[in-house]
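# Analysis of the macromolecular model
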Amino acid sequence: MSGMELEKKLTKKNKISVLIPFVGLHAHSGVGSPFDGLGYPQEHMDFAHENGMNALALTDHGNMNGLAYQVLHAKKMQEEDKTFKPIFGVEAYFLPSISDWKKEYEQAKENKKTKRALDDSRSATTIEDEDSSKKEVKNLLNRRRHLILLAQNQTGLNNIFKMISKSFTRENFYRFPRVDYETLRESSEGVIAASACLGGVYAGDYWENREKGKDAILGAMQNTTKNMMEIFGDRWYGELQWNNIPEQHELNKYIIQMSKTHGFELIST
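## Considering the overall build of the chain
- In terms of helices and strands, the chain carries eleven helices and seven strands.
- A burial count over the chain gives 45% of its 269 residues as buried.
- Pairs at least 24 apart in sequence give 77% of the contacts found in the chain among residues at least 6 apart.

## Quick look at the environment of T59
- Locating T59 in the fold gives a position in the loop between β1 (55–58) and α3 (67–79).
- Owing to a relative accessible area of 0%, T59 belongs among the buried residues under this scheme.
- Look past the residues within four positions of T59 in its chain and what remains in contact with it is L25, H26, A27, H28, G89, V90, E91, I148 and L150.

## With respect to the nonpolar core
- With 37 residues, the main nonpolar core has L149, I160, L184, M228, F232 and W236 as its most contacted residues.
- The element contributing the most residues to this core is helix α10 (residues 214–232), with six residues.
- Setting aside chain neighbours within four positions, we find I160 in contact with M64, F88, V90, L149, L150, A151 and V191.

## Thoughts on the packing of α10 against helix α11 (residues 246–262)
- At their nearest, the axes of α10 and α11 sit 11 Å apart, and the two run at 55° to each other. The angle between α10 and α11 falls in the class oblique. Between α10 and α11 the crossing geometry is right-handed. Packed against α10, whose contacting residues are K214, I217, L218, M221, Q222, T225 and M229, the element α11 presents Y254, I255, Q257, M258 and H262 at the interface.
- Class assignment for the residues of the contact of α10 with α11 results in seven nonpolar, four polar and one charged.

## Here's the deal with helix α2 (residues 41–50)
- For α2, the set of buried residues is P41, M45 and A48. Here the buried residues of α2 occupy an arc of 65° about the axis, which is enough to place them on one side. Relative to its buried face, α2 has exposed residues pointing more than 90 degrees away, namely F47 and E50.
- Packed against the buried residues of α2 are β1, α3 and β2 (85–94).

## Regarding the pattern of salt bridges
- Counting across every chain of the model gives seven salt bridges.
- Measuring nitrogen to oxygen at the nearest pair gives 3.6 Å for the salt bridge that ties K109 to E106. Remark: E106 and K109 occur in helix α4 (residues 98–109); sequence separation between them is three residues, near one turn of the helix.
- Under the relative-accessibility criterion, K109 is labelled partly exposed at 34%.
- One salt-bridge network, in which partners are shared between bridges, spans R143, R145 and E208.

## A look at the pairing of strand β5 (residues 191–194)
- The sheet contact formed by strand β3 (residues 145–151) and β5 spans four bridges and is antiparallel. Looking at β5, one finds that I148 is bridged to A194.
- Sheet topology places β5 next to strand β6 (residues 236–240); two bridges connect them, and they run parallel. Looking at the pairing, A193 lines up with W236 of β6.

## Here's the deal with the environment of L95
- On the secondary structure map, L95 appears in the loop between β2 and α4.
- The class of L95 is buried, set by a relative accessible area of 7%.
- Along the backbone, L95 and R178 are 83 residues apart, and their C-alpha atoms lie at a distance of 7.1 Å.

## Here we look at the packing of aromatic side chains
- Per the counting criterion, the structure on display carries eleven aromatic pairs.
- Ring geometry for W101 against Y105: centres 5.0 Å apart, planes inclined by 20°, an arrangement best described as stacked. Of this pair, W101 and Y105 both sit in helix α4, separated by four residues, roughly a single helical turn. Side by side, W101 and Y105 carry an identical accessibility label, which is buried.
- In textbook terms, an aromatic cluster arises when at least three aromatic residues are bridged by ring pairs, as seen for W101, Y105 and Y174.
- Over the aromatic face of W101 sits the side chain of R178, whose NZ or CZ is 4.1 Å from the ring centroid.

## Here's the deal with the environment of L19
- Summarising the element assignment, L19 is placed in the loop between α1 (3–13) and α2.
- For the pair L19 and G52, spaced 33 residues apart in sequence, the C-alpha to C-alpha distance is 9.5 Å.

Thresholds applied
Residues numbered from 1 in each chain as written. Predicted model: local features only at pLDDT ≥ 70, side-chain atom pairs only at ≥ 80, totals over all residues. Heavy atoms only, no water. Helix = DSSP H or I, 4+ residues; strand = E, 2+ residues; numbered from the N terminus. Buried < 20%, exposed > 50% of the residue type's maximum accessible area, 1.4 Å probe, protein only. Contact = heavy atoms within 4.5 Å. Core = buried A, V, L, I, M, F, W, Y, C linked by side-chain atoms within 4.5 Å. Axes fitted to C-alpha atoms, helices over the stretch in contact; angles between N-to-C directions. Parallel < 35°, antiparallel > 145°, perpendicular 65-115°, else oblique. Left-handed = near helix turned anticlockwise from the far one by under 90°. Nonpolar A, V, L, I, M, F, W, Y, C, P; charged D, E, K, R; others polar. Arc of directions from axis to C-beta. Salt bridge = Lys/Arg side-chain N within 4 Å of Asp/Glu carboxyl O. Pairing = 2+ DSSP bridges. Phe/Tyr/Trp six-rings, centres within 6.5 Å; stacked < 30°, edge-to-face > 60°. Lys NZ or Arg CZ within 6 Å of the ring centre and 35° of its normal.

See the structure below:
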């Protein structure tokens, strides 16, 4: 018997299946994320359960409009003896300092050319523009980054409610509802945070420093990590995603490097 034939026989004889527990912690529904989500939250929950998951997070853009669907459907699943935990969350829009942004906004209003481009229109529905968030944003006034916030407990859920409510106030809203470091510091208890996608906080450091080189990217990510870990401690997670976008894999490597340097855990979404 040749070595190849022996290998095939052993592989066939000892074939095993390995099940890796997985919970999705980043998902968008059509209810809260028009044009970037699909279906109702209860459809997400049913699909997750049918495919072996016992929990799922809903993280719509800037709002928690799907929460009631989650709560009611979880009760229905419980009545059907299905063990399933809805995780309540949001993919918030983040910028480091709304106070600093306001200063830039006031300066822009004094300039006739930039004033025409300003738009502080308000909407209760957040329409995510993926193309503009997942690249370098040269206009500082339009800059925003994604941040995943998940409720660890009732206190955390209450705090996320506070942050979302504040993000929609006139002081914080500009085209999108926004939170900053100050908001996070005020309401971080019981909240788990993750760095999100190619439009996320680490991705922002990547896009804005890409042309300056690796050291500039890592320096910006170090600063973000320091701030987030001061606020969330071991509740700060680096988020890795898997797709066919080359920049995503480059970003993943940077996030893994940050994790090794600073000791925070990673999640895969």
